[in-house]
Amino acid sequence: MKEELLTLKKGHNQALEKIYTEYRNAFLQFAKKYDLDHDSLVDIYQEAFIALREHAINGKLDTIKSSIKTYLFSIGKYMIYDQLKKQKKNGFL
């Protein structure tokens, strides 16, 4: 986990891409149970990954007890909930 955290902080492109692709399919599999289309889930994953990177750069991940994957999925889950709330509010659900 320490190596992933350093990668997220320093932002080496190949290493970031490796982390991004490593968790992408697992996240999309996890997120399928929510009532959102595939493109929305891909967008949410991208936004969650960006948020994860920003948290790493800002030092918010320095003391986390969970894995990077769990933290990333948590960010994504809350983004999914926000999207579902917006859709419900706008009458799409």
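Check the entry above for the structure.
Report on the accompanying structure. Remember, predicted model here, so these are calculated numbers, not experimental data.

The rules behind each value
Residues numbered from 1 in each chain as written. Predicted model: local features only at pLDDT ≥ 70, side-chain atom pairs only at ≥ 80, totals over all residues. Heavy atoms only, no water. Helix = DSSP H or I, 4+ residues; strand = E, 2+ residues; numbered from the N terminus. Buried < 20%, exposed > 50% of the residue type's maximum accessible area, 1.4 Å probe, protein only. Areas by Shrake-Rupley, 256 points an atom, 1.4 Å probe, with all protein chains shown as cover. Phe/Tyr/Trp six-rings, centres within 6.5 Å; stacked < 30°, edge-to-face > 60°. Lys NZ or Arg CZ within 6 Å of the ring centre and 35° of its normal.

The helix and strand tally for the protein chain stands at four helices and zero strands. The N-to-C order of helical and strand elements in the protein chain reads α-α-α-α. Each principal axis of the C-alpha distribution contributes one length, and for the protein chain these read about 45 × 20 × 20 Å. In the protein chain, which comprises 93 residues, the proportion classed as buried is 39%. Just so you have it, the protein chain exposes about 6,200 Å², and 50% of that area is on carbon and sulfur atoms.

Glancing now at the packing of aromatic side chains. If you walk through the whole model with that rule in mind, you get 10 aromatic pairs. Ring centres of Tyr78 and Tyr81 lie 6.0 Å apart, and the angle between their planes is 90°; this geometry places the pair in the edge-to-face category. One end of the pair is Tyr78 and the other is Tyr81, both in helix H4 (residues 68–89) and three residues apart, which spans about a single turn. Of the residues examined, Tyr81 reaches a relative accessible area of 33% and is grouped as partly exposed. Among the aromatic residues, those joined into a cluster by ring pairs are Tyr20, Phe27, Phe30, Tyr34, Tyr45, Phe49, Phe73, Tyr78 and Tyr81. Looking at Lys77, its charged tip hangs above the ring of Tyr78, at a distance of 5.7 Å from the centre.

By themselves, these figures tell us nothing about what the structure is for.
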